[in-house]
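So the chains spell out like this:
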Amino acid sequence: MRRTVAPQLPLALRYPPDQRFDTFVGAPPAAIAQLRALAMNDGSDWLYLAGPTGAGKTHLALALCAAAEVSGRSAAYVPLKAASGRLGDALDALEGRAVLALDGLDAIAGQREDEVALFDFHNRARAAGVALLYTATLAPDALPLVLPDLRSRLSQCARIVLSPLDDGGRREVLRERAQRRGLVLEEAALDWLLRRVGRDLAGLAALLDELDRASLAAQRRITVPFLRQALGQRGND
């Protein structure tokens, strides 16, 4: 039986343009250089990226895959929450990839079958020379893992720790992403937004997408009165 191969999605659809190394704000010193080296699969240490929700772990995981593919290396981003309970099958489908980002170890911690599958895959990937990035909210010794050998393997990865953005960083993210969309955000509008939205980077990006669509539909600039109207209507849905 002939196998049908799905067409490859363009890079920008698989890895959003906003989520690249050069658009990340607030990375620890040398962290981006470590991630770029891993994307090139040049024998660099595997990386373990830790930080609270909203600190930018997914952004950097996607940026790693995008950088790898731009350099001609096959890559895959795996949100582990979506693969929880069937991680073995999901990992088996990744054979042959040169660079992998496994995002959100918290989702499979405590599930013995998934942990065994990940431990086995970790060993196979190491032997095959795959470049691997893990992300989690906690360090390996703080994750509620049931498999000591998996904790040991994860602890051997070089570690990068992210912190939540301060207000200046959040302002820079919003301004930069607005500019990429061709939007003009007045300083007063930025102040208004930053007082009312959370620190989660994904949430900020999603909110900006929503405002982009709303301003385009209304043919209005993003001002404080427009924000009050647009976000007020969302709260009443």
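Our structure is the block above this text.
Keep in mind that what you see is a predicted model, and the values were worked out from it rather than measured.

K.L.:
Go over the overall build of the chain with me, naming the residues and quoting the values.
P.N.:
Counting its secondary structure elements, the chain contains eleven helices and five strands. C-alpha extents for the chain along the principal axes are approximately 55 × 45 × 35 Å. The 237 residues of the chain split such that 45% are buried. At a minimum sequence separation of 6, the contacts of the chain that also span at least 24 residues come to 74%. Computing the positive centroid from 30 side-chain charges and the negative centroid from 28, the chain places the two 4 Å apart.

K.L.:
Provide a residue-level description of the environment of alanine 218, including the pertinent values.
P.N.:
By the secondary structure assignment, alanine 218 is in helix α10 (residues 201-218). The spatial distance from the C-alpha of alanine 218 to the C-alpha of alanine 230 is 9.9 Å, given a sequence separation of twelve residues.

K.L.:
Provide a residue-level description of the state of the cysteines, including the pertinent values.
P.N.:
Enumeration according to the criterion identifies zero disulfides in this entry. Just so you know, cysteine 65 is unpaired, no disulfide at all, and the nearest cysteine sulfur is the one on cysteine 157, 15 Å from it. With a relative accessible area of 0%, cysteine 65 lands in the buried category.

K.L.:
Give a detailed account of the packing of helix α6 (residues 112-128) against helix α7 (residues 148-155), specifying residues and quantitative values.
P.N.:
Between α6 and α7, the least distance of the axes is 9 Å, while the angle of their chain directions is 45 degrees. The orientation of α6 relative to α7 falls into the category oblique. For the element pair α6 and α7, the recorded crossing hand is left-handed. When α6 is examined against α7, the residues Glu115, Leu118, Phe119, His122 and Asn123 are found in contact with a partner set consisting of Asp149, Leu150 and Arg153. Partitioned by chemical class, the residues of the contact of α6 with α7 number three nonpolar, two polar and three charged.

K.L.:
Account for the pairing of strand β4 (residues 131-136), with residues named and values stated.
P.N.:
Strand residues, when the strand is regular, have side chains that alternate between the two faces of the sheet. Counting buried residues along β4, six of its six residues qualify, which places the element largely inside the surrounding structure. Covered by surrounding structure in β4 are Ala131, Leu133 and Thr135 together with Leu132, Tyr134 and Ala136, the residues of both alternating faces. Relative to β4, strand β1 (residues 47-50) runs parallel, the two being bridged by four bridges. Along β4, the bridge assignment pairs leucine 47 with leucine 133. Relative to β4, strand β3 (residues 99-103) is paired through five bridges, and the arrangement is parallel. In the strand pairing of β4, valine 99 is matched with alanine 131.

K.L.:
Give a description of the sheet that holds β1 that names residues and reports values.
P.N.:
Backbone hydrogen bonds hold the strands of a sheet together, and the pairing may be parallel or antiparallel. Taken in spatial order, the five strands line up as β2-β3-β4-β1-β5 in an open sheet, and their pairing is parallel. Of all the strands in the sheet, just β2 (75-79) and β5 (158-161) have a single pairing partner and so form its edges. Ignoring strand direction, the axes of neighbouring strands in this sheet form an average angle of 15 degrees. The strands touched by helix α3 (residues 57-70) within the sheet are β1, β2, β3 and β4, with β2 carrying the most contacts at an inclination of about 160 degrees.

K.L.:
Report on the packing of helix α2 (residues 31-39) against α3, specifying residues and quantitative values.
P.N.:
Between α2 and α3, the least distance of the axes is 8 Å, while the angle of their chain directions is 45 degrees. The angle between α2 and α3 falls in the class oblique. Between α2 and α3 the crossing geometry is right-handed. Where α2 approaches α3, its residues Ile32, Leu35, Leu38 and Ala39 are matched on the opposing element by Leu60, Leu64, Ala67 and Ala68. Across the contact of α2 with α3, the residue classes break down as eight nonpolar, no polar and no charged.

K.L.:
Account for the pattern of salt bridges, naming residues and giving values.
P.N.:
In a structure, side chains of opposite charge can pair up when their charged atoms sit close to one another. Under the counting rule described, the total for this entry stands at six salt bridges. Between aspartate 92 and arginine 124 there is a salt bridge, and its shortest N-O distance comes to 3.4 Å. Taken together, the positions of aspartate 92 in helix α5 (residues 87-92) and arginine 124 in helix α6 put the pair 32 residues apart, joining distant regions of the chain. Aspartate 92 sits in the partly exposed class, given a relative accessible area of 45%. A salt bridge links arginine 175 to glutamate 187, with the nearest nitrogen and oxygen atoms 2.9 Å apart. On the criterion of sequence distance, the pair formed by arginine 175 in helix α8 (residues 167-180) and glutamate 187 in helix α9 (residues 187-196) is long-range, its members being twelve residues apart. For glutamate 187, a relative accessible area of 42% gives the class partly exposed. Taken together, the shared-partner salt bridges in this structure form one network comprising Arg171, Arg175, Glu187 and Asp191.

So, how was this worked out
Residues numbered from 1 in each chain as written. Predicted model: local features only at pLDDT ≥ 70, side-chain atom pairs only at ≥ 80, totals over all residues. Heavy atoms only, no water. Helix = DSSP H or I, 4+ residues; strand = E, 2+ residues; numbered from the N terminus. Buried < 20%, exposed > 50% of the residue type's maximum accessible area, 1.4 Å probe, protein only. Contact = heavy atoms within 4.5 Å. Lys, Arg positive; Asp, Glu negative; His and termini not counted. Charge placed at Lys NZ, Arg CZ, Asp CG, Glu CD. Disulfide = S-S within 2.5 Å. Axes fitted to C-alpha atoms, helices over the stretch in contact; angles between N-to-C directions. Parallel < 35°, antiparallel > 145°, perpendicular 65-115°, else oblique. Left-handed = near helix turned anticlockwise from the far one by under 90°. Nonpolar A, V, L, I, M, F, W, Y, C, P; charged D, E, K, R; others polar. Pairing = 2+ DSSP bridges. Salt bridge = Lys/Arg side-chain N within 4 Å of Asp/Glu carboxyl O.

Without other data, these values stay purely geometric and don't point to any function.
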